[in-house]
Amino acid sequence: MGSGLFTDADADTDTDTDTDAAADADSDAGPTPAVVSVILVLVILGFAFEPGVVLPRPAAVPMVLLQLATCLPATWRLRGAWTLAAQALLTPWSGLPGFLGASVLLVVERPVRWALFTVVVLAAGPLAPGDGSMHSVLNGIGNALAHGLIIYALTRLTDLYAELRTTRGALALARVTAERERAGRDLDAVLGTALTEITRLAGQGRRAAEELVRVARAATERVRAAPPTQSADGADNPFGALAPRLVWPIVVATHLEYLVVGTAFLLGAGVRGWWLVAYATALAAVVGLQAYHCLPRPPGVCPPYAAWTLGVQLTLALGVLAAPDGPYPQLVGFAAASVLIVLPGRTAWPAAGALTALVAIAMLLWPDGPAAPGTALLLLDIVVIALVFYGLALLTGLVHQVREARGALAALAVARERRRIARDVHDLLGCGLSAIALKGELAVRDPDRERADRHLADAAALADRALADLQAIPGEIQKITLAEEVASAREVLAAAGVVVLVRGGLEAVDGRSEALFATVLREAVTNVLRHAAGARRCEVNLGPGLLRVANDGRVVPRLARGREGRAGAGGNGLRNLRERTAALGGVLEAGPAPHGRGFVLTVRLESAPVSTVG
């Protein structure tokens, strides 16, 4: 252990900073799960339309409804064997085997689900509409693979996002609990051992009194010294690397699928020679650059060399629109996804819309182009492709963002708990350890053996009391009363030759302010013992919302002037008391007495009248 104990260096930071930081972390948690689910809904609806078919098959409608019920966070509890069985029955007539594949991955347990998913994907080839050509079969298998993996990934990311948002407080609570356990171990290892040693030394009588004083003084210094700041970070939550681990293989697999199906389409269309090489190169470059842009990254982090890679991708995707044998518009969907991923939102959406409009113009200007319904379907295909890969990137970023917000909130909670423990250690144990040292010194100096034994017995009792406070601090269950602290102040200060005079009744103090006043009085007694040289009198004035403690000792310069030279700034003790008082809406004033000798400590809560005492 270092020389200090829990008196965190952050203790001099205003608590408003923590409040603002907590609000910022909470605001960084991103949109609600309902908003995020819109992306999933749009992708599922887009996948429901078959290429070249204006309206989906009748069986596709219940298939889509079952898929939405399986995937959305609001209805995920409905997913199960019955939804999976219903989709299996609808698949041959709906033309949506990818939906069944996604549900298999979401419902069936490992490792069977991946084997079943493979069966569904392979079965999609013979079920695919078309002439049974290689391109038709590969297109069916590829669509089922892509649809299944993408819907599964978006669903898992949406579920993960919702779970991370709803468990932010749970992570903070777990971190605080771990911090309390760590604090309890460290406190027991340092101060608990010291207090136990003090009790043992007190039982050995006067011959061990000097060693008792040394142990008490050393423990006091550890309580009051400030150690290096400890990190509030703990082991991250188990969701930490799940999003990138989930997205990476799906991004690679879906892009490879588009590359294979696109190449098969070129071969099936009769493209040969240099045109095949040129088209295949453009296809590979556009799809490869899209995969590069879509890889998981933290929010706000652009891919390296994004200006160049996006420029090349846009050039190639738009270049094939001018192909002599007709435009190939699907590549623009990949470019539009990259635009949405790479560019800022205000620029990205208009730019993606402009790319889609260019495709519409190219299709309308092409003499042999499709009619309006066919053009609309091609544009829908482009929009779906763009939304799919933009959604993957967006949800991955949102998961990362909310995970960071959870970590920030948990770190703030741990920092607050550490500061709370530091305050309690300082304020609740400092007085007891100083009193123990005083009793030990009295035992050393007193020639009367009987009185010396009584002083040592008092030191042992104080050590037992401090040990009980120590054990209660980590759990925040310690309870001190003003009556006990007034009695303790009289006893401890009387042993030091200081007369305590109490004005006002304890009944004037309400429950809201009692714990604060008891803590302030304990710290004031400690300061009399440590810093008020030659004090002979200590006055304690109590009233509604008011506590005033004044002594007539000679003020030590350290207490009179703080680290920045401000009168009455004090050290950790007064700073802690100011934090406690401010938390109840009160004001703490500390400084030399008006007549030049002594020190006055005043706490005034909102309900207190302005005091004219002293």
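Above this text sits the structure in question.
Structural notes, computed from the coordinates. Computed from a predicted model, the values in this text were never measured in an experiment. (Residues numbered from 1 in each chain as written. Predicted model: local features only at pLDDT ≥ 70, side-chain atom pairs only at ≥ 80, totals over all residues. Heavy atoms only, no water.)

A tally of helices and strands in the chain yields 20 helices and seven strands. Within the chain, the fraction of its 614 residues that count as buried is 52%. At a minimum sequence separation of 6, the contacts of the chain that also span at least 24 residues come to 74%. By element, 63% of the accessible surface of the chain is carried by carbon and sulfur atoms, the whole surface being about 27400 Å². (Helix = DSSP H or I, 4+ residues; strand = E, 2+ residues; numbered from the N terminus. Buried < 20%, exposed > 50% of the residue type's maximum accessible area, 1.4 Å probe, protein only. Contact = heavy atoms within 4.5 Å. Areas by Shrake-Rupley, 256 points an atom, 1.4 Å probe, with all protein chains shown as cover.)

All right, on to the pattern of salt bridges then. Applying the stated criterion across every chain yields a total of 13 salt bridges. Of the charged contacts, one joins E539 and R503 as a salt bridge, the two residues approaching to 3.7 Å between their closest N and O atoms. Taken together, the positions of E539 in strand β3 (residues 537-543) and R503 in strand β1 (residues 499-503) put the pair 36 residues apart, joining distant regions of the chain. Residue R537 pairs with E539 through a salt bridge whose shortest N-O separation is 3.0 Å. Salt bridges sharing common partners tie together D446, D448 and R451. (Salt bridge = Lys/Arg side-chain N within 4 Å of Asp/Glu carboxyl O.)

On the basis of which strands lie adjacent, the open sheet formed by five strands has the order β1-β3-β4-β7-β6 and mixed pairing. Either end of the sheet is taken by a strand with one partner, and the two such strands are β1 and β6 (587-592). Averaged over all adjacent pairs, the angle separating strand axes in this sheet is 10 degrees, with direction ignored. As paired elements, strand β4 (residues 546-551) and strand β7 (residues 599-604) share six bridges and run antiparallel to each other. Bridge assignment links V549 to a residue of β7, and that residue is L601. Docked against the sheet, helix α18 (residues 511-531) engages β3, β4 and β7, running at close to 5 degrees with respect to β4. (Pairing = 2+ DSSP bridges. Axes fitted to C-alpha atoms, helices over the stretch in contact; angles between N-to-C directions.)

By size, the foremost hydrophobic cluster in this structure holds 88 residues, and its most contacted members are I44, F47, F99, F334, F389 and L392. Residue contributions to this core peak at 14 residues, all from helix α15 (residues 372-445). Once you skip the residues sitting within four places of it in the chain, F389 turns out to touch T254, H255, Y258, Q290, C294, F334, A337 and I341. Core analysis: the next-biggest nonpolar cluster, separate from the first, contains 68 residues, I436, A437, I473 and A532 among them. (Core = buried A, V, L, I, M, F, W, Y, C linked by side-chain atoms within 4.5 Å.)

Over its 24 residues, helix α16 (residues 449-472) extends 35 Å from the first C-alpha to the last, a length consistent with the 34 Å expected when each residue adds 1.5 Å. Within the sequence span of α16, burial applies to A452, H455, L456, A459, A460, L462, A463, A466, D469, L470 and A472. By the N-cap criterion, in which a side-chain oxygen at the helix start approaches the backbone nitrogen of a residue two or three places on, α16 is capped by D448, the distance to E450 being 2.9 Å. (Expected span 1.5 Å × (residues − 1). Polar contact = N/O pair within 3.5 Å; in protein donor to acceptor, adjacent residues only side chain to side chain.)

Let's shift gears to the packing of helix α4 (residues 81-94) against helix α5 (residues 97-107). Viewed as axis vectors pointing N to C, α4 and α5 meet at an angle of 160 degrees, and their least axial separation amounts to 9 Å. Between α4 and α5, the angle is such that the two are roughly antiparallel. Here the hand of the crossing between α4 and α5 comes out left-handed. Between α4 and α5, the contacting residues are A81, L84, Q87, A88 and T91 on the first element and P97, F99, L100, S103, V104 and V107 on the second. Across the contact of α4 with α5, the residue classes break down as eight nonpolar, three polar and no charged. (Parallel < 35°, antiparallel > 145°, perpendicular 65-115°, else oblique. Left-handed = near helix turned anticlockwise from the far one by under 90°. Nonpolar A, V, L, I, M, F, W, Y, C, P; charged D, E, K, R; others polar.)

On to a nonpolar patch on the surface. Taken together, L318, L358, I361 and L365 make up a surface patch of nonpolar side chains, about 370 Å² in accessible area. For the nonpolar patch, the element with the highest residue contribution is helix α14 (residues 345-365), accounting for three residues. Taking relative accessible area as the criterion, I361 reaches 46% and is therefore assigned partly exposed. (Patch = residues over 30% accessible without salt bridge, like charges linked within 9 Å, V, L, I, M, F, W, Y side chains within 5 Å.)

In total, this model carries seven aromatic pairs according to the counting rule given. A centroid spacing of 6.1 Å and a plane angle of 90 degrees characterise the contact between W114 and Y152, whose relative ring orientation is edge-to-face. With a gap of 38 residues between them, W114 in helix α6 (residues 112-127) and Y152 in helix α7 (residues 134-166) connect regions that are remote in the sequence. Take W114: its relative accessible area is 37%, and that puts it in the partly exposed class. A centroid spacing of 5.5 Å and a plane angle of 85 degrees characterise the contact between W349 and Y390, whose relative ring orientation is edge-to-face. Note that W349 is positioned in helix α14 and Y390 in helix α15, a separation of 41 residues in sequence. According to the relative accessible area criterion, W349 is partly exposed, its value standing at 45%. (Phe/Tyr/Trp six-rings, centres within 6.5 Å; stacked < 30°, edge-to-face > 60°.)

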